[in-house]
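Next come the chains, spelled out residue by residue.
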Amino acid sequence: MADSETTGALGDHAGSSRKGSGRRLRGAVAHYLGTAIVSGRIAPGELLTGEVANAEALDVSRSAYREAVQVLTAKGLVESRPKIGTRVLPRRRWNFLDPTVLAWAFEGEPNIAFVRGLFELRSVVEPAVARLAAERRDKDDIKALKTALAGMRRHTLATEAGRAADRDFHDALIYATHNETFVALSASIGAAVNWTTQFKQRQRALPRDPVPDHARVFDAVVAGDPRAAEEAMTALVSLALDDTRSAMG
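Residue numbers here run from 1 along each chain, matching the order of that chain's written sequence. Only residues with pLDDT of 70 or above have their local features reported here, since the model is predicted, and side-chain atom pairs are shown and tallied only from 80 upward, although totals for entire chains, interfaces and linings are computed over all residues. Water and hydrogen atoms play no part in the side-chain values, which are based on all heavy atoms of the structure.

Peer 1: So what's going on with helix α4 (residues 62-74)? Residues and values would help.
Peer 2: One turn of an α-helix holds 3.6 residues; hence residues three or four places apart share an orientation. What counts as a helix is a DSSP run of H or I of at least four residues, what counts as a strand is a run of E of at least two, and both are numbered from the N terminus. To estimate how far a helix should reach, multiply one less than its number of residues by 1.5 Å. In this model, α4 (13 residues) spans 18 Å end to end at C-alpha, consistent with the 18 Å of a helix rising 1.5 Å per residue. Listing the buried residues of α4 in full gives Ala64, Tyr65, Ala68, Val69 and Leu72. Looking down the long axis of α4, one finds its buried residues gathered within 140° of arc, a one-sided arrangement. Positioned one or two residues after α4, Gly76 has a phi angle of 80°, which is positive. Any residue under 20% of the maximum accessible area for its type is buried, any over 50% is exposed, and the rest in between are partly exposed; the area is computed with a 1.4 Å probe on protein chains only. The arc in question is traced by the directions running from the helix axis to the C-beta atoms.

Here's what the structure looks like:
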């Protein structure tokens, strides 16, 4: 992979990063390699070119390249072994719940099986979250949900502000469970919500307004009705998947 295309792909990103911190440069290299792996341009089982060659091709220091590989290793994308080199791991080893890996996946054109997998995860976790939130929410949780829903209505999900409010809504639901293990999933669920929402409107406007679906979840949680909250969230996730399938043609 040490070629002129590689150098050009990183190009300005690396150059601008050099003016900033080493962390930004490491992030630029990790981003390039990560998106190449997740998109399949560098296939599972393939060995990355040696450290020296890749550092030269990407026009970065060996230390920056090495740190970028460490980032990929932590996310389950590659492993490095003495006398063998750095090899791309099978997809089953990748940490797809890592928000950065999700972002890399959606920079390209993820296949429907991957997108469906995200919705299957959401369909298992989020209805349970809504049910528990309806049982355990307190006044601060209700206030957070209300603020997020108002932001979604004000900005719409066609804007970054509206999508941020959408993430805040789903985060607030998770926090309302008062369950630390669910809260640990908040970044992953939030990233899945964010990227699938952006993805389904990348070529055209959303086919319908999903805010009323969120409002029904909110109303059930505020009413303290676990069954209604669970059913409303199940419907929300199912309709979101239908919208996404439509967007994928």
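After that view, the rundown keeps rolling.
Peer 1: I'd love a proper account of the environment of Lys143, names of residues and values included.
Peer 2: With respect to the helices, strands and loops of the structure, Lys143 is situated in helix α7 (residues 139-155). By relative accessible area, Lys143 is classed as exposed at 59%. Expressed as a C-alpha distance, the spacing of Lys143 and Ala172, which sit 29 residues apart in the sequence, is 9.3 Å.

Peer 1: Before we move on, could you go through the pattern of salt bridges and cite the residues and values that matter?
Peer 2: Definition used for salt bridges: Asp or Glu carboxyl oxygen within 4 Å of a side-chain nitrogen of Lys or Arg. Under the defined criterion, the tally for this structure stands at seven salt bridges. Between Glu126 and Arg122 there is a salt bridge; the shortest N-O distance is 2.5 Å. Within this pair, Glu126 and its partner Arg122 are both found in helix α6 (residues 112-136), separated by four residues, close to a single helical turn. Assessed through its relative accessible area of 4%, Glu126 is described here as buried. Classification of Arg122 as buried rests on a relative accessible area of 3%. Each of Glu160, Arg163 and Arg167 takes part in one network of salt bridges that share partners.

Peer 1: Describe in detail unusual backbone geometry, supporting the description with residues and values.
Peer 2: With a phi close to 70°, Thr156 is a non-glycine residue in the positive phi region. Here Thr156 shows up in the loop between α7 and α8 (160-176). Unusually for a residue other than glycine, His178 sits at a positive phi of about 55°.

Peer 1: An account of the pairing of strand β2 (residues 85-88) is needed here, citing residue identities and associated values.
Peer 2: Here the rule is simple: two strands pair whenever DSSP picks up at least two bridges between them. With four bridges connecting them, strand β1 (residues 78-81) and β2 associate as antiparallel partners. Directly across from Glu79, in β2, lies its bridge partner Arg87. With antiparallel pairing between neighbouring strands as the criterion, β1 and β2 make up a hairpin whose turn holds three residues, including Lys83 at a positive phi of roughly 70°.

Peer 1: Lay out the side chain of Asp141 in plain terms, naming residues and giving numbers.
Peer 2: Locating Asp141 in the fold gives a position in helix α7. Working convention for charge: Lys and Arg count positive, Asp and Glu count negative, and His plus the chain ends are omitted. With no salt bridge to any partner, buried Asp141 finds its closest opposite charge in Arg137, at an N-O distance of 7.7 Å. Residues in contact with Asp141, not counting those within four places in the same chain, are Arg136, Tyr175, Ala176 and His178. Whether two residues are in contact is decided by their heavy atoms: any pair within 4.5 Å suffices.

This is a description of form; function is not addressed.
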